[in-house]
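Descriptive structure summary
Chain by chain, the residues run as shown.
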Amino acid sequence: MINSDILINNKTPFYYYDIDLLNRTLEYIQSEANKYNFNIHYAIKANSNTKILKHISSFGFGADCVSANEIEQSIQCGFNPNSIVYAGVGKADWEIELAINNNIQCFNCESIPEIEIINEIALKKNKKVDIAIRINPNIDAKTHKYITTGIEDSKFGINFNEIDAVLETIKKLKNLNLIGLHFHIGSQISDMNIFKDLCIRINEIHKIINDKGILLKSINVGGGLGVDYDNPENNIPDFKSYFSIFNQYLNKVKGQSIHFELGRSIVANCGTLISKVLYIKESANKKFAILDAGMNDLLRPALYNAKHKILNLSSKDKLEKYDIVGPVCESSDSFGKDIMINKASRNNYIAIKSTGAYGESMASRYNLRNLTNVVFSDVNHI
Ligand SMILES: *Cc1c(COP(=O)(O)O)cnc(C)c1O
């Protein structure tokens, strides 16, 4: 729980991170993944706060990056360059160069032109670099359309019907080693059967590639495990079932390593956005609780229509219905409509739960507002 000293001593809005919960989550992942020798790469984009990154790297996990700056930040925060995988449909030349200079583990490639440019830059540097092909398995993650990434007309990955052309291209390029396959079908996936379907599809694709005489050193199944936003008290996702599905359904090949790229499920629950009520505004049919936090602090509700549990930490009065909104000059700057919270008044503290993933990392200075403050449970900030 967040104690009242923390509330009183810090300027709102701020992200509050429960480091004890983060550590317990990491210990649990480590013990479950170790059962099967699975390799975990933390998806930096979910939360790239340096202190959070240092905690995660201290557990020996690798990193999953989608930009050169993420690669630099993860190395600065203790991740081993040799455990960094790098995805993204639009890697710029300088980013590819930076990744090669740092000897990262693997480029996850998303198109033929990208593969050709990586080879060209590697050739100039007289290096040979390891790549994996990101294949679009055409599996619907059944999540929000903005975070569904593995269906045929998404911009991500290479469609399987192009595989022959891709393999032909790679064969001709002397500065690349094809070491594996990469998949990432989307985020906030709550139905475990989708991961089972993914395994079955990976096995099929893997076999077709093996039959062409190509042996692969690694299979990267991506991330996407969802969290229970409605019940933030269920605060550690079911990594046990998640990993056991991959262990059960993914064909095992001797000497081949299996990789995961988890973001949300690692950090979502340890973060809470704390804000204060500025005003209660009443119109004919509605009551608005206007917060000092806005979409620049937490974009997910405006961007994906995401729902976070919202609590009034300062009131035990009866529940009332509010539209809970921010101060930003956009109608989409709303955290929820018709939300029941304890009767609210000016200066009440409002907690928006499970905001450790894609919260602080998406914050901006829109409307020239301040970047959100950050407070850690294990440090006394004044
Ligand atoms: C965003 C992303 C992830 C992490 O997804 P989560 O849903 O946060 O686990 C993993 N891999 C790639 C390639 C991504 O783009």
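Residues numbered from 1 in each chain as written. Predicted model: local features only at pLDDT ≥ 70, side-chain atom pairs only at ≥ 80, totals over all residues. Heavy atoms only, no water.

1. Section: the overall build of the protein
- Within the protein, the regular secondary structure consists of 11 helices and 17 strands.
- Computed over the C-alpha atoms, the radius of gyration of the protein is 22 Å, within 12% of the 21 Å expected from 2.2 N^0.38 for a compact globule of 382 residues.
- Taken over the C-alpha atoms alone, the protein extends approximately 70 × 40 × 40 Å along its principal axes.
- For the protein, the residues scored as buried account for 54% of the 382 residues in total.
- Summed over its atoms, the accessible surface of the protein is roughly 17,200 Å², and 48% of this surface lies on carbon and sulfur atoms. (Helix = DSSP H or I, 4+ residues; strand = E, 2+ residues; numbered from the N terminus. Rg over C-alpha atoms; globule rule 2.2 N^0.38 Å. Buried < 20%, exposed > 50% of the residue type's maximum accessible area, 1.4 Å probe, protein only. Areas by Shrake-Rupley, 256 points an atom, 1.4 Å probe, with all protein chains shown as cover.)

2. Considerations on the nonpolar core
- Of all hydrophobic cores here, the largest spans 100 residues; its most connected members are F107, I133, F243, F246 and F260.
- No other element matches the 7 residues that helix 8 (residues 192-211) contributes to this core.
- Residues from two domains meet in this core; each of domain 1 (4-13 + 270-376) and domain 2 (19-268) gives at least three.
- Apart from the residues within four sequence positions on either side, I133 is in contact with C109, I158, I163, V166, L167, I170, L178, G180, L181 and H182.
- The next biggest cluster of nonpolar side chains, apart from the first, holds 9 residues, and it includes I6, I274, Y349 and A351. (Core = buried A, V, L, I, M, F, W, Y, C linked by side-chain atoms within 4.5 Å. Domains from an automatic or database assignment. Contact = heavy atoms within 4.5 Å.)

3. Comments concerning the site of the ligand
- The environment of the ligand is formed by 15 residues, the closest being K45, S187, E261, R264 and Y358.
- Separating an oxygen atom of the ligand from a backbone N or O atom of R264 is a distance of 2.7 Å.
- Side-chain polar atom of Y358 to an oxygen atom of the ligand: 2.6 Å apart, as the coordinates give it.
- Compared with its free state, where it exposes 390 Å², the ligand has 95% of that area covered by protein.
- For the shell around the ligand, the residue count by class is 4 nonpolar, 6 polar and 5 charged. (Near = heavy atom within 4 Å. Polar contact = N/O pair within 3.5 Å; in protein donor to acceptor, adjacent residues only side chain to side chain. Nonpolar A, V, L, I, M, F, W, Y, C, P; charged D, E, K, R; others polar.)

4. Some details on the domain arrangement of the protein
- Here the domain parsing of the protein yields domain 1 (4-13 + 270-376) and domain 2 (19-268).
- Summarising the inter-unit geometry, the C-alpha centres of domain 1 and domain 2 are found 33 Å apart.
- Counting the surface lost from both domain 1 and domain 2, the interface buries some 1,800 Å², and carbon and sulfur atoms represent 58% of this.
- Contact with domain 2 buries area across many residues of domain 1, yet C270, Y358 and F376 alone supply 37% of it, more than any other trio.
- Along the contact surface separating domain 1 from domain 2 lie 0 salt bridges.
- Our enumeration of links across domain 1 and domain 2 arrives at 10 residue pairs in polar contact (both at pLDDT 80 or more).
- The element that contributes the greatest number of residues to the side of domain 1 that touches domain 2 is helix 11 (residues 300-304), accounting for 3 residues.
- Its residues placed into classes, the side of domain 1 that touches domain 2 shows 7 nonpolar, 7 polar and 5 charged. (Buried area = accessible area lost by both parts, 1.4 Å probe. Salt bridge = Lys/Arg side-chain N within 4 Å of Asp/Glu carboxyl O.)

5. Brief notes about the packing of aromatic side chains
- In total, this model carries 16 aromatic pairs according to the counting rule given.
- Judged by centre distance (5.2 Å) and plane angle (40°), the rings of Y36 and F38 are tilted.
- Judged by its relative accessible area of 23%, Y36 falls in the partly exposed class.
- Among the aromatic residues, those joined into a ring-pair cluster are Y28, Y36, F38, F195, F239, Y242, F243, F246 and F260.
- Against the face of F160 rests R201, its NZ or CZ located 5.8 Å from the ring centre. (Phe/Tyr/Trp six-rings, centres within 6.5 Å; stacked < 30°, edge-to-face > 60°. Lys NZ or Arg CZ within 6 Å of the ring centre and 35° of its normal.)

6. Some thoughts on the side chain of D333
- Inspection of the secondary structure assignment puts D333 in the loop between strand 14 (319-325) and strand 15 (334-342).
- Of the side chains bearing the opposite charge, R369 lies closest to the buried D333, which forms no salt bridge; the N-O distance is 6.6 Å.
- Each residue touching D333, except ones within four places of it in the same chain, is listed here: G294, M295, V325, G326, P327 and V328. (Lys, Arg positive; Asp, Glu negative; His and termini not counted.)

7. Digging into the packing of helix 6 (residues 112-124) against helix 7 (residues 163-172)
- Between helix 6 and helix 7, the shortest axis-to-axis distance is 10 Å and the interhelical angle comes to 10°. Considering the angle they form, helix 6 stands roughly parallel to helix 7. Contacts from I112, I115 and E116 of helix 6 reach helix 7 at A165, V166, T169 and I170. (Axes fitted to C-alpha atoms, helices over the stretch in contact; angles between N-to-C directions. Parallel < 35°, antiparallel > 145°, perpendicular 65-115°, else oblique.)

8. So, unusual backbone geometry
- Of note, the amide linkage connecting T12 to P13 takes the cis form, showing an omega dihedral of -5°.
- A positive phi angle, close to 55°, is found at N126, a residue other than glycine.
- Here N126 is to be found in the loop between helix 6 and strand 6 (129-136).
- Positive phi outside glycine occurs at L368, with the angle close to 55°.
- For L368, the location among the structural elements is in the loop between strand 16 (349-352) and strand 17 (373-376).
- Under the relative-accessibility criterion, L368 is labelled exposed at 67%.

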